[in-house]
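If you want the building blocks of each chain, they are given just below.
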Amino acid sequence: ITVAITGELEYFAIGVVPIFTIIMASSSLIFSKIFRTYTISQNEIEDHYQFLQKSTKVYRMDQITSLTLTQSFFQKLFGLGTINFGIFGGSGIAVQTGQQMQGFQRIHSIKNYNKFFNELSTKLNLVSTHKVHTDKPSLIPVTVSRFIWGILSLISFVTFMITISITSSDIETGIQFIFLIVSPILFLIFGLFYIAEIFNYKKTKSEHYVIFDKIVQSSYNYVLGQKIERISLSKITNTQVNKNLIYYAFFKVGSIKMF
């Protein structure tokens, strides 16, 4: 009886639980789309949600410091976009290394994302035409992690080739079994890493930074998604410059954070 009950529970877990999870996730998304509306007024953004209960969130325009439009690969397929905006005084404020960082709020996937983004940009004075400086990131940003992954990938490739050599013989040993199991897994992991690096290269190649007289804008647009971020220069409180002074393959890496 115990074996039979255990078997039934296994079938339930394998079949019903994933289906239930998908239904819950999809229904939550559908409810959010049907019962949620956003309104832009002169001084505020209002987020209305009404289904069994009513909820309204109000964000003040003068507290918004940055605006970001993002599209994932699947959002591109369905013509949707998500808008994030940084806001001072929100519950999302985090304290890190003594710095008060801005919290971020999100306007979930919407159809008219371009219109919404442009309207917000105009109201927040995040529209500017006079360019002060343009720049692009390094197409081959060499960091410590990439350097280590490159060395490990070389070791993985050598291990994989040794595995092929050992398994082609008739010698049955414990070492052969270890090589047979571990080597393909390592090779797969590092192979996926380099596939991700190819897409990251495509993203970086399409990325550029522009400093206008009023805003800083960074953007990219490639096959897996797009992003446009605008930060108000009048609301930046401080900047933090990080530089990696160690050379890796004759590349020097640096970054700038704006609060």
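Analysis parameters
Residues numbered from 1 in each chain as written. Predicted model: local features only at pLDDT ≥ 70, side-chain atom pairs only at ≥ 80, totals over all residues. Heavy atoms only, no water. Helix = DSSP H or I, 4+ residues; strand = E, 2+ residues; numbered from the N terminus. Buried < 20%, exposed > 50% of the residue type's maximum accessible area, 1.4 Å probe, protein only. Contact = heavy atoms within 4.5 Å. Phe/Tyr/Trp six-rings, centres within 6.5 Å; stacked < 30°, edge-to-face > 60°. Lys NZ or Arg CZ within 6 Å of the ring centre and 35° of its normal. Pairing = 2+ DSSP bridges. Axes fitted to C-alpha atoms, helices over the stretch in contact; angles between N-to-C directions. Arc of directions from axis to C-beta. Core = buried A, V, L, I, M, F, W, Y, C linked by side-chain atoms within 4.5 Å. Salt bridge = Lys/Arg side-chain N within 4 Å of Asp/Glu carboxyl O.

## Observations concerning the overall build of the protein
Moving on, step 1. Each helix and strand in the protein was counted, giving 5 helices and 14 strands.
Moving on, step 2. Per-residue burial over the protein gives 26% buried out of 259 residues.
Moving on, step 3. Pairs at least 24 apart in sequence give 52% of the contacts found in the protein among residues at least 6 apart.

## Some thoughts on the packing of aromatic side chains
Moving on, step 1. Counted under the stated rule, the structure contains 5 aromatic pairs.
Moving on, step 2. Ring geometry for Phe73 against Phe74: centres 5.6 Å apart, planes inclined by 70°, an arrangement best described as edge-to-face.
Moving on, step 3. Ring centres of Phe193 and Tyr194 lie 5.1 Å apart, and the angle between their planes is 80°; on these two criteria the pair is classed as edge-to-face.
Moving on, step 4. For Phe193, a relative accessible area of 18% gives the class buried.
Moving on, step 5. A cation sits over an aromatic face here: Lys203 above Tyr220, 4.6 Å from the ring centre.

## Considerations on the environment of Val241
Moving on, step 1. Looking at the secondary structure, you find Val241 in strand β13 (residues 239–248).
Moving on, step 2. In the structure, Val241 is positioned 13 residues away from Gly254 in sequence and 7.5 Å away in space, judged by C-alpha atoms.
Moving on, step 3. Ignoring any residue separated from it by four or fewer positions in sequence, one finds Val241 in contact with Ser255 and Ile256.

## Focus: the sheet that holds strand β1 (residues 36–40)
Moving on, step 1. Spatially, 3 strands are ordered β1-β2-β3 in an open sheet, and the strand pairing comes out antiparallel. Every other strand in the sheet has two partners, leaving β1 and β3 (53–60) as the edge strands with one partner each. Mean inter-strand twist for the sheet, computed between neighbouring axes without regard to direction, equals 15°.
Moving on, step 2. Examined bridge by bridge, β1 and strand β2 (residues 44–51) share 5 bridges and lie antiparallel to one another. Paired with Tyr38 across the two strands is Asp47, which belongs to β2.
Moving on, step 3. Set on the sheet, helix α3 (residues 113–123) makes contact with β1 and β2; between it and β1 the angle comes to about 35°.

## Let's talk about α3
Moving on, step 1. Where α3 is concerned, the buried positions are Tyr113, Phe116, Phe117, Leu120 and Ser121. Buried residues of α3, seen end-on, are gathered within an arc of 130° and therefore sit on one face of the element. Exposed positions of α3 whose direction lies more than 90 degrees from the buried face are Lys115 and Thr122.
Moving on, step 2. Just downstream of α3 lies Asn125, where phi reads positive at about 60°.

## What about the nonpolar core?
Moving on, step 1. Judged by nonpolar contacts, the single largest core of 23 residues is most densely connected at Ile45, Leu67, Ile83, Ile107, Phe116 and Leu120.
Moving on, step 2. Secondary structure elements with two or more residues in this core: β1, β4 (64–72), β5 (81–87), β8 (103–110), α3 and β10 (208–212).
Moving on, step 3. The element that contributes the greatest number of residues to this core is α3, accounting for 4 residues.
Moving on, step 4. Excluding residues that lie within four positions of it along the chain, Leu120 makes contacts with Ile40, Ile45, Met61, Leu67, Ile83 and Ile107.

## Some remarks on unusual backbone geometry
With glycine set apart, most residues show a phi of negative sign, and most peptide bonds adopt trans.
Moving on, step 1. Although it is not a glycine, Asn125 adopts a positive phi angle of roughly 60°.
Moving on, step 2. Overall, the relative accessible area of 53% leaves Asn125 in the exposed class.

## A short note on the pattern of salt bridges
Moving on, step 1. What the rule picks out here adds up to 3 salt bridges.
Moving on, step 2. The salt bridge involving Arg60 is made with Asp62; its shortest N-O contact spans 2.7 Å.
Moving on, step 3. Given the relative accessible area of 43%, Arg60 is considered partly exposed.
Moving on, step 4. According to the relative accessible area criterion, Asp62 is exposed, its value standing at 51%.
Moving on, step 5. Across the pair Lys203 and Glu207 runs a salt bridge whose closest N-O atoms are separated by 3.8 Å.

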